[in-house]
Amino acid sequence: MTAQDIIFFWVARMMMAGIHFMKKPPFRNIVIHGIVRDEQGRKMSKSLGNSLDPLELIDAYSADALRFSLALITSFETDSRVSKSKFEIGRNFATKIWNAARFIEMNLDRNPNVIDVRAIASGNVAIDPTLLKDDDRHMLWTLSQSVKNITSLLEKYRLQDAALAIYELIWDKFCDWYLEYVKQDLNASDEARRNQALSLMTLVFSTVLKLLHPYMPFLTEELWHQMGYGDEDDSIMKAPWPVPFSDEQAAVWGADEKTASFVESLREMVTAGRALRAEYNIAPNKPVKYIIQLNDGAYAEKCRRSEASLARQLRAESLEITADDGHRALPCSVISIGTIYLPLDGLVDVASELERVRGELEKTRGFLRTVEAKLGNESFVSRAPAAIVEQQREQKIKLQETIERLEKLEKAYAGA
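Quick caveat, the model's predicted, so the values are computed rather than measured.

*Asks:* So what about the side chain of Asp64? Which residues, and what values?
*Replies:* Mapped onto the fold, Asp64 is located in helix H3 (residues 63-73). No salt bridge is formed by the buried Asp64; its nearest oppositely charged neighbour, Arg67, is found at 4.5 Å. When residues no more than four places from it in sequence are discounted, the contact partners of Asp64 are Tyr215, Met216, Pro217, Phe218 and Leu219.

*Asks:* So, helix H6 (residues 134-155): which residues are in play, and what are the values?
*Replies:* Relative to the 32 Å expected for 22 residues at 1.5 Å per residue, H6 spans 32 Å between its end C-alpha atoms, a close match to the ideal helical length. Here H6 lies mainly inside the structure; 16 of its 22 residues are buried. Note on H6: the residue one or two positions beyond its end, Tyr157, has a positive phi of about 60 degrees.

*Asks:* An account of the sheet that holds strand E6 (residues 338-341) is requested, with residue identities and associated values reported.
*Replies:* Strand order in the open sheet formed by four strands is E4-E3-E6-E5, with mixed pairing between adjacent strands. Strand pairing shows two members of the sheet lacking a second neighbour, strand E4 (316-322) and strand E5 (332-335), which therefore form its edges. Sheet twist, expressed as the average angle between the axes of neighbouring strands with direction ignored, equals 20 degrees. The pairing of strand E3 (residues 288-294) with E6 spans four bridges and is classified as antiparallel. Bridge pairing in E6 places Gln293 opposite Thr339.

*Asks:* An account of the pairing of E3 is needed here, citing residue identities and associated values.
*Replies:* The two faces of the sheet receive side chains in turn, since in a regular strand these alternate between them. For E3, the tally of buried residues reaches six of seven residues, placing the bulk of the element in the interior. Alignment of E3 against E4, held across six bridges, turns out to be parallel. Along E4, the bridge assignment pairs Tyr290 with Leu319.

*Asks:* Tell me about the nonpolar core, and please be specific about residues and values.
*Replies:* If you look at the biggest cluster of nonpolar residues, it comprises 59 residues, and the most contacted ones within it are Ile97, Phe174, Met201, Phe205, Leu212 and Tyr215. Elements represented by at least two residues in this core include exactly H3, helix H4 (88-110), helix H5 (117-121), H6, helix H7 (159-186), helix H8 (191-212) and helix H9 (217-226). Residue contributions to this core peak at 13 residues, all from H7. Residues Ala272, Ala311, Leu314 and Leu399 belong to the second largest nonpolar core, which totals 36 residues.

*Asks:* Break down the pattern of salt bridges for me, with residues and values.
*Replies:* For the structure shown, the criterion picks out 13 salt bridges. Among the ionic pairs, Asp134 bridges to Arg137, the shortest N-O distance being 3.1 Å. In this pair, Asp134 and Arg137 are both assigned in helix H6, three residues apart and thus about one turn of the helix distant. You can call Arg137 buried: its relative accessible area is 18%. Across the pair Arg267 and Asp135 runs a salt bridge whose closest N-O atoms are separated by 3.4 Å.

What counts, and where the lines are drawn
- Every residue gets a number counted from 1 within its own chain, in the order that chain's sequence is written.
- In keeping with the predicted nature of the model, local features appear solely for residues at pLDDT of at least 70, side-chain atom pairs appear and are counted solely at 80 or more, and the whole-chain, interface and lining totals rest on all residues.
- Side-chain figures throughout are based on the complete set of non-hydrogen atoms in the structure, without hydrogens or water.
- Counting from the N terminus, the helices are the DSSP runs of H or I reaching at least four residues and the strands are the DSSP runs of E reaching at least two.
- To sort residues, take the accessible area from a 1.4 Å probe on protein chains only and compare it with the maximum for the residue type: under 20% means buried, over 50% means exposed, and anything in between is partly exposed.
- Under this rule, positive means Lys or Arg and negative means Asp or Glu; His and the chain ends count for nothing.
- Salt bridges are counted wherever a side-chain nitrogen of Lys or Arg sits within 4 Å of a carboxyl oxygen of Asp or Glu.
- For this analysis, residues touch if any pair of their heavy atoms sits within 4.5 Å.
- Multiplying 1.5 Å by the helix residue count minus one yields the expected span of that helix.
- Strand pairing is assigned whenever DSSP detects at least two bridges linking the two strands.
- Interaxial angle, 0 to 180 degrees, is taken between N-to-C directions of lines fitted to C-alpha atoms, where a helix line uses only the stretch in contact.
- Remark: nonpolar core denotes a set of buried residues (Ala, Val, Leu, Ile, Met, Phe, Trp, Tyr, Cys) joined through side-chain atoms within 4.5 Å.

Listed below in structure tokens is the structure:
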């Protein structure tokens, strides 16, 4: 009998016993997941001494971090290898959420009594569509779709997939992008826009706390009260489960898939621009100029409406946004809606950088020739341990990638 057969046998026995003695099934849903193993893939046991003490893990990382980390790394389909370091995922995630709460609370304290956080947390939020920007619509659309997706995953007991969806919603979409974007409105003089930004942050954060509660009950309960989302003697457990926004409401806000897709393209542009800066070793605090060439005029016009936000996220001194189709002999990165260029004039010493890159290129090509000679030697390939041969093959791939990157840099500096 397989392990699965044994599990089903004992489940059937328990079910039959429950019906016999209690006159009703003891449970209706059964979740069977893979085995949690140690780093080497061995089953945990006292005899091997490779078991992890949950109490020690709770002391080191917290109960919530333990629970969330296990949910995130444990799959139904395969066994999971667990080590203490993997529980840092949950601890870092909890820290991220706590810092987001402090940021929101700090801005609410700077603007006291402008919004009713308790009413918003219960779903009574007034959003003025005329004050919404594309990033707000993207956040509302993402929140609604995430609620729908996470609810469906939990109903299907896809606990790992739901945990991953919550992680991406909070860490990536909300903390790394939306909270960074909204800072400009929180520090601006437009009071109406600032108040709406506070309302949207409260709406999103109170909703994600509800979604996260099954995984991190202690942290979410604490923050629910600290943020003033419920009465002192109330609990987040009694709060209604989030529901997606209606199609009619989303249409009023303009929170649709088309707008969300455009904002994702802008974020792709920001990521590409930052990568260009890093590729050419330009300090993050050094002002640069970007040229953004869009595929059509409509995209260009929409980008211009977000120019201030884009410039701030790119740390750019200026942006040139155009819809022309001419090619420029500049370092660039192609994105889904166009191309972003980084002029190097005044940013780097082109002559010295060209010399440095060519020297590094020559040295890397020499290393590659050495590796290729080893792999071309039948005696080495047949006699050396398989791990060493595989290591050389991996080294060859890495060197080829490095040469490709350096050749790109050489071409850019030579044409600058």
